[in-house]
Every structure is written in structure tokens, then in C-alpha cells.
Amino acid sequence: MTNPTPLLSEDTRTLLIELADTLDRVQPGAAMSEAIRLARPLVLAERRHGPTEAAFAAEQDLLAAMPPVRDEQTRGEYAALLRLIAQGVAA
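Residues numbered from 1 in each chain as written. Predicted model: local features only at pLDDT ≥ 70, side-chain atom pairs only at ≥ 80, totals over all residues. Heavy atoms only, no water.

Helix and strand counts for the protein come out as four helices and zero strands. Listing each helix as α and each strand as β along the protein from the N terminus yields α-α-α-α. Against the globule reference of 12 Å for 91 residues, the protein gives a C-alpha radius of gyration of 12 Å, in line with a compact fold. Projected onto the principal axes, the alpha-carbon positions of the protein cover approximately 35 × 30 × 20 Å. Every one of the 91 residues in the protein was classed for burial, and the buried ones make up 40%. Taking contacts inside the protein between residues at least 6 apart in sequence as the whole, the part at least 24 apart equals 71%. Per element, the accessible surface of the protein, about 5,200 Å² overall, is 57% carbon and sulfur. A gap of 4 Å separates the mean positions of the 9 positive and 13 negative side-chain charges of the protein. (Helix = DSSP H or I, 4+ residues; strand = E, 2+ residues; numbered from the N terminus. Rg over C-alpha atoms; globule rule 2.2 N^0.38 Å. Buried < 20%, exposed > 50% of the residue type's maximum accessible area, 1.4 Å probe, protein only. Contact = heavy atoms within 4.5 Å. Areas by Shrake-Rupley, 256 points an atom, 1.4 Å probe, with all protein chains shown as cover. Lys, Arg positive; Asp, Glu negative; His and termini not counted. Charge placed at Lys NZ, Arg CZ, Asp CG, Glu CD.)

The next point concerns the nonpolar core. Soluble globular proteins tend to pack their nonpolar side chains together in the buried interior. In terms of nonpolar packing, the biggest core is built from 21 residues, with Leu16, Leu19, Leu23, Met66, Tyr78 and Leu82 touching the most fellow members. Counting residues per element, the ones that place at least two in this core are helix H1 (10-25), helix H2 (34-49), helix H3 (53-65) and helix H4 (75-87). For this core, the element with the highest residue contribution is H4, accounting for six residues. The residues touching leucine 16, leaving out its near neighbours within four places in the chain, are Leu8, Leu62, Ala65, Met66, Leu82, Ile85 and Ala86. (Core = buried A, V, L, I, M, F, W, Y, C linked by side-chain atoms within 4.5 Å.)

Our next topic: H1. A rise of 1.5 Å per residue sets the reference length of H1, with its 16 residues, at 22 Å; its end C-alpha atoms lie 22 Å apart and thus fit the reference within 8%. When we look at burial in H1, the residues that qualify are Asp11, Thr12, Arg13, Leu15, Leu16, Leu19, Ala20, Thr22 and Leu23. Elements that come into contact with the buried residues of H1 comprise H2, H3 and H4. Directly after H1, the chain includes glutamine 27, whose backbone phi takes a positive value near 50°. (Expected span 1.5 Å × (residues − 1).)

This part covers the confidence of the model for the protein. Mean pLDDT over the protein stands at 92; residues scoring 70 or higher make up 92%. Counting interchain partners and residues more than four positions distant, the pLDDT-below-50 stretch residues 1-5 has twelve contacts. (pLDDT = per-residue confidence, 0-100.)

The terminal C-alpha atoms of H2 lie 24 Å apart, and with 16 residues this matches the ideal 22 Å at 1.5 Å per residue to within 8%. Within H2, the full set of buried residues consists of Arg37, Pro41, Leu44 and Ala45. The inward-facing, buried residues of H2 contact H1, H3 and H4. Directly after H2, the chain includes glycine 50, whose backbone phi takes a positive value near 75°.

Pasting the structure below:
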């Protein structure tokens, strides 16, 4: 197994996996949208850190780690990509 990318914090890797789990659990075959990519990080960061500066920083780090959504990409496909990024296999 490849070591996780050192540029990602443990918090960011955890949030990437949490987001991937959500995308896989709720309509994985549905289209992934840019709106979901932009909205979910705040929800996850505030759930983890509360409405704090730490949540804002975690949201920004998570957004920076998440690639843009490709045309016709499903939520499940995007979830798989997020897991690879969290593992340091993809960037």
C-alpha cells in the first residue's frame, strides 16, 4: 500500500473518506455535481469541528484536495477517486 500524500493532513484524509462514504451510501449511480462538491465539505467540516475557524480551515483544505467533477461522472466514481486521493494513490 502506498503511503498517504504528506501534503494532506489526517483531518483532510478523514473528511475525504467520510465524503466518499456518503456518496457511496446515497445514490452512488446518480450524477455527481459540482454543487455537491462545493457544498458537502462545509457540512462535514462543521459536523467534525463545529462552527469554528477550524471548520473553515478544514473545509478549505478539503476543497483543495477534491478535483473538479468530470462530465457524466457518478457519485460512486467520484467517491472512488476521493478514496484514492486519501490513500495518496491519486492527486
